[in-house]
Amino acid sequence: MAGNHPGVPGMGGAPFDAGGREAARSHRARRDDDNDDVEDDDHTRALVLASVARDARLDQKFLLLITLSAAIATLGLLQGSAAVVIGAMLVSPLLGPIMGVGFGLATLESSLIKRSLVTMAAGMALAILVAMVIIWLSPIQDVTAELRARTQPTLLDLGVAVVGGIAGVYAIMRKLSGVMVGVAIATALVPPLSTIGFGLATGRFDFALGASLLFLTNTLAIAFAATIVARLNKFGPSMTAQHTAMQVVGIIVTLGILSIPLALSLNDIARELRARTTVQAELDRLLGKDDRVDTLNVRLDGDDVAVDGVVLVDQYAARLNAELAAKSRDKLDRSVRVSIVQLRQQTNAAAEFEEQLNRRIATLEQRDADSRNVIAGLTVGALVPRERILIDGQARRAVIQRDREAEGEQVAAAVDRIMASVQADYPQWLITNGTLAPVEDPAESE
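Criteria and cut-off values
Residues numbered from 1 in each chain as written. Predicted model: local features only at pLDDT ≥ 70, side-chain atom pairs only at ≥ 80, totals over all residues. Heavy atoms only, no water. Pairing = 2+ DSSP bridges. Helix = DSSP H or I, 4+ residues; strand = E, 2+ residues; numbered from the N terminus. Axes fitted to C-alpha atoms, helices over the stretch in contact; angles between N-to-C directions. Contact = heavy atoms within 4.5 Å. Phe/Tyr/Trp six-rings, centres within 6.5 Å; stacked < 30°, edge-to-face > 60°. Lys NZ or Arg CZ within 6 Å of the ring centre and 35° of its normal.

Q: When you look at the sheet that holds strand β1 (residues 292-301) in this model, what are you seeing that I'm missing?
A: Picture the strands of a sheet paired through backbone hydrogen bonds; they go either parallel or antiparallel. Spatially, the three strands line up as an open sheet ordered β1-β2-β3, and their pairing is mixed. Among the strands making up the open sheet, the edge pair consists of β1 and β3 (336-344). Taken over all neighbouring pairs, the strand axes of this sheet differ in orientation by 10° on average, direction set aside. Bridging between β1 and strand β2 (residues 304-313) involves nine bridges; their strand directions are antiparallel. Of the residues in β2, the one forming a bridge with V293 is V311. Here helix α13 (residues 320-332) sits on the sheet and contacts β2 and β3; the angle it forms with β3, its principal contact strand, is near 145°.

Below, the structure written as structure tokens:
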């Protein structure tokens, strides 16, 4: 099946005719006045096929780009950043070998097909390995929206890949590099591989399976679209109508089989979206005008619908869950389980009172802390006993009961310095001396 084409790197040593062997034999039988136009078309096709074969090579540049692309995609998925994920799509070189498979099927060049498959397999393995290493090293392994978006492919993804493949072939034949940038963004290839790595590294095999289906969908759709468009543009040998029909039928059957799980996934998403819309509408009708939904999760659990969330209400409604389940069940015609938590909303007056209370508590805590610090400062060195210090925290006043004659000149001077130091540290406090007075006995006074 393989041809020998020196004009295409790695495709043999015989002169290359992009029309194939049958086309070459018929070409020699054509009239001389058509030779120039045919040779121009053949030369253009040879250049296109050479470019495709060059982009499908497994070399250091390809391995470096796939490594960088996988690293960028994995970090973007972990961050939940769509912009970073898009950047990884632009760096990815996987579109080259996929186009190589498509053109190889169109031209029946087994060497190009083998080269492209080897390159693509190496790129896939390297991308998954890089993603797994980064995820193992990362302290963050949460499921983000960007990761989840790569685990549920649908028929819409298949349609995008088919249209992207057609645009890619057109861009290759017309040498429109700007169009290839758009194709690389539209047909995500490396992010699904990074998601596979995430699923394998974290044990979420459902994520790995869903991402594998998305990658397979994009790969086959692009390759088959490239095959069909290339055949329509007379790439490859002239085949009988029966052979062409068999090739088209094979592509359609393969895409048809692939469409089955994609259609089921799309149906599940549509059912979940309808259930969420219905539950949201019924919940809005049951809530008061000042009530609001804080969180609402609606998911399909087999044939049932599970609803949970939090609502902020002015008044508690005892039958909210039962009424929401009944109304949603009538609209969706399926069992609905509801677990909604109701929290009382704070009015403006309640919020203001709480703020004042918090300020008051903070003031009392600060006052107690200052009182303890003032006492600690005055009792340093044990020159002033604790029982001789009177504290009025509310008035921010400290009175030290002293007997200067009993203290002596040196101790009295030291206590004065301590009082001055504490006064300087707490200028809002008043720290004064008091006099010890004997306590009178009530019995003696009588």
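Q: Please explain the pairing of strand β5 (residues 397-402) as it appears in this structure.
A: On a regular strand, each side chain points to the face opposite its neighbour's, so the side chains alternate between the two faces of the sheet. Relative to β5, strand β4 (residues 389-392) is paired through four bridges, and the arrangement is antiparallel. Residue pairing across strands places L390 opposite V399, the latter belonging to β5. Counted between consecutive antiparallel strands, the loop separating β4 from β5 contains four residues, among which R396 sits at a positive phi close to 55°.

Q: Before we go on, may I ask you to explain the packing of aromatic side chains in this structure?
A: Enumeration according to the criterion identifies one aromatic pair in this entry. Geometrically, the ring pair formed by F198 and F207 is tilted, given 6.1 Å between the ring centres and 45° between the ring planes. The positively charged end of R204 is found above the aromatic ring belonging to F207, 5.7 Å away from the centroid.

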